[in-house]
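So you can see what is in the structure, the chains are spelled out below.
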Amino acid sequence: MEIISSQGKGTVFKDSKKHYEILDGLRGVAAILVVAFHILEVFSGGDHTQQLINHGYLAVDFFFLLSGFVIAHAYDDRWNTMSISGFFKRRLIRLHPMIIVGMTLGAVCFYYAASSMFPAIEGTSFLKLILVMVLGWFLIPVPGALDIRGWSEMYPLNGPAWSLFFEYIANIFYALILRKVSNTIMWILVLVSAFALIQLAVFSPHGDIIGGWSLEPEQLRIGFTRLAFPFLAGILLRRLFKSGNIKNAFLWSSLLIVAIMSFPRVGGSDYLWWNGIYDSLTIILLFPLVVYIGASGSIKSAVSKRLCSFLGDISYPIYITHFPILYIYYAWVSNNNIQLEDSLGVALLVLILCIVISYIFLKLYDIPVRKWLSKKYQ
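Each chain has its residues counted from 1, following the order in which its sequence is written. The predicted origin of the model limits local features to residues at a pLDDT of at least 70 and limits the giving and counting of side-chain atom pairs to 80 or more, whereas totals for whole chains, interfaces and linings rest on all residues. Hydrogens and waters are ignored; side-chain quantities use all the structure's heavy atoms.

Undergrad: Any chance you could explain the environment of Met-82 here in plain terms?
TA: Topologically, Met-82 is positioned in the loop between α2 (59-75) and α3 (84-109). Assessed through its relative accessible area of 11%, Met-82 is described here as buried. Distance from Met-82 to Phe-166, taken between C-alpha atoms, is 23 Å for residues 84 residues apart in sequence. Contact between two residues is taken to exist if any of their heavy atoms lie within 4.5 Å; hydrogens are not considered. Once residues lying within four places of it in the same chain are set aside, the contact partners of Met-82 are Tyr-75, Phe-87 and Arg-90. Think of it this way: any DSSP run of H or I at least four residues long counts as a helix, any run of E at least two long counts as a strand, and we number them from the N terminus. Think of it in three bands: with a 1.4 Å probe and only protein chains considered, a residue is buried below 20% of the maximum accessible area for its type, exposed above 50%, and partly exposed in between.

Shown next as structure tokens:
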């Protein structure tokens, strides 16, 4: 997700193209909402209708849309001077160093998260843990025999890495096929994938599009469906984009993102399909609108520039490092039967800790490693 594909401060690849500072900021806003969503998720008891920041899971779909937009902006006109292998090198340098950190952090935190929530932890040998970590370094999804947490995740050391798995697939398809596809064909692909998304959301047994993190066939279907529309629509939106002149674009687009992801569950448990409609229309209509608003604005205030730069810089690191910390937080809540009202202070500290840790990894590891890799391999 070009949360995942920032071209902000500290990014290795630079050019003279327009830099969408507001989109950097929006990535960070959405990433922090994801952390808050996951912090509060433990108190839902598995009941999606009771989840606070109820639609925080839609941040992944927003990231896929941003990724398509920014990749098309950065690379659509570069293929006369850039090879496919060169593209893959750039993407690996941008994304993979933090994947290694996320998996390693997951391994370090693993045994500290032992609780009834994670039934497989206590029976996991150290050698098995190391094997899963090494596979995670290469973003290789683990089969059921290596499910060391008990949640059937592709990456049991760092659950959110599933979206990076699909991001890599999107990058491969872009380089091999999508970059050559005409806008007419792209329109057809976007419409077909929109229909598939609506079908998934409305007829979901849970009334939402949550899923994609497992190698189970139905979960893979959810993951590919969630990837297809926003990534394709992001590419098409960038190709058709004509910038407006929207004042206070960062403020309005940020408020929209917060409102969309914080919106209460629609329809309750009696009309699950209502929420499916909300999910699909949000991804198909509202997220492209948010990106259009963000791309049509400009930042003039020095404070706003620094804020957008900071949010963009930490967006990927916080996304890929926060869940190992939350595994421990979940265990604390579970083992001590902590209620929401008793956990707010700790929850706030956990959120701040996730931000601080992501910033430390950004400055002391991610930026220096990417600079070194760029000098060596580009």
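Next, the rest of the story.
Undergrad: Whenever I open this one, the state of the cysteines confuses me. Can you help?
TA: Only a pair of cysteine sulfur atoms within 2.5 Å counts as a disulfide in this structure description. Tallied over the entire structure, the rule returns zero disulfides. Unpaired in this structure, Cys-109 has its nearest cysteine sulfur neighbour in Cys-354, at a distance of 9.9 Å.

Undergrad: How do you make sense of the pattern of salt bridges when you look at a structure like this?
TA: For this document, the term salt bridge refers to a Lys or Arg side-chain nitrogen within 4 Å of an Asp or Glu carboxyl oxygen. If you walk through the whole model with that rule in mind, you get nine salt bridges. With its nearest N and O atoms 3.9 Å apart, the salt bridge here joins Asp-366 to Arg-94. Placement of Asp-366 in helix α11 (residues 340-377) and of Arg-94 in helix α3 is noted, with a sequence separation of 272 residues between them. In this pair, the class of Asp-366 matches that of Arg-94, namely buried. One salt bridge in this structure joins Asp-208 and Arg-265, with 2.9 Å as the shortest N-O distance. Residue Asp-208 is located in the loop between α6 (183-202) and α7 (217-240), and its partner Arg-265 is located in the loop between α8 (249-262) and α9 (272-295); the two are separated by 57 residues in the primary sequence. Across this residue pair, the class does not change: Asp-208 and Arg-265 are buried. Within the structure, one salt-bridge network assembled from shared partners comprises Arg-94, Asp-366 and Arg-370.

Undergrad: Just checking my understanding: could you explain the packing of aromatic side chains for this structure?
TA: Any pair of aromatic rings gets described here by the distance separating the centres and the angle formed by the planes. Think of it this way: a Phe, Tyr or Trp ring, Trp meaning its six-membered ring, pairs with another when their centres are within 6.5 Å, and the plane angle makes it stacked under 30 degrees, edge-to-face over 60, tilted otherwise. One pass over the structure, following the stated rule, counts 27 aromatic pairs. A centroid spacing of 5.9 Å and a plane angle of 85° characterise the contact between Phe-323 and Tyr-330, whose relative ring orientation is edge-to-face. One aromatic cluster is present, formed by Phe-118, Trp-151, Phe-323, Tyr-327, Tyr-329, Tyr-330 and Trp-332 through successive ring pairs. The side chain of Arg-149 reaches across the aromatic face of Tyr-327, ending 3.4 Å from its centre. Charge over a ring is defined by NZ of Lys or CZ of Arg lying within 6 Å of the ring centre and within 35 degrees of the ring normal. One cation-aromatic arrangement involves Lys-376 over Tyr-377; the distance from NZ or CZ to the ring centre is 5.7 Å.

Undergrad: Would you take a moment to explain the packing of helix α1 (residues 21-41) against α9 for this structure?
TA: Packed helix pairs are characterised by how far apart their axes lie and by the angle those axes make with each other. Under this scheme, a helix contributes an axis fitted over its contacting stretch, all axes are lines through C-alpha atoms, and angles between N-to-C directions fall in the 0 to 180 degree range. Between α1 and α9, the shortest axis-to-axis distance is 7 Å and the interhelical angle comes to 135°. The angle between α1 and α9 places the two elements in the oblique class. In this structure, α1 contributes Ile-22, Leu-23 and Leu-26 to the contact, and α9 contributes Val-290, Val-291, Gly-294 and Ala-295. Gly is placed with the polar residues, together with every amino acid not listed as nonpolar (Ala, Val, Leu, Ile, Met, Phe, Trp, Tyr, Cys and Pro) or charged (Asp, Glu, Lys and Arg). Across the contact of α1 with α9, the residue classes tally to six nonpolar, one polar and no charged. Just so you know how the angles are binned, under 35 degrees is roughly parallel, over 145 roughly antiparallel, 65 to 115 roughly perpendicular, and the rest oblique.

Undergrad: What am I meant to see in the nonpolar core here?
TA: Generally speaking, soluble globular proteins have nonpolar side chains that are buried together. Residues Phe-62, Phe-69, Leu-157, Tyr-174, Ile-257, Met-261 and Phe-287 are the most contacted members of the largest nonpolar core, which totals 118 residues. When near neighbours in sequence (up to four residues on either side) are disregarded, Leu-157 contacts Gly-102, Met-103, Gly-106, Ala-107, Phe-110, Leu-129, Val-132, Met-133, Ile-148, Arg-149, Pro-324 and Tyr-327. For the purposes of this section, nonpolar cores are sets of buried Ala, Val, Leu, Ile, Met, Phe, Trp, Tyr and Cys residues that join through side-chain atoms within 4.5 Å.

Undergrad: Hey, could you run me through the environment of Pro-288 in this one?
TA: When you line up the elements, Pro-288 lands in helix α9. Between the C-alpha atoms of Pro-288 and Ile-177, which are 111 residues apart in sequence, the distance is 23 Å. Ignoring sequence-local partners within four residues, the contact set of Pro-288 consists of Leu-65, Leu-237, Thr-282 and Ile-283.

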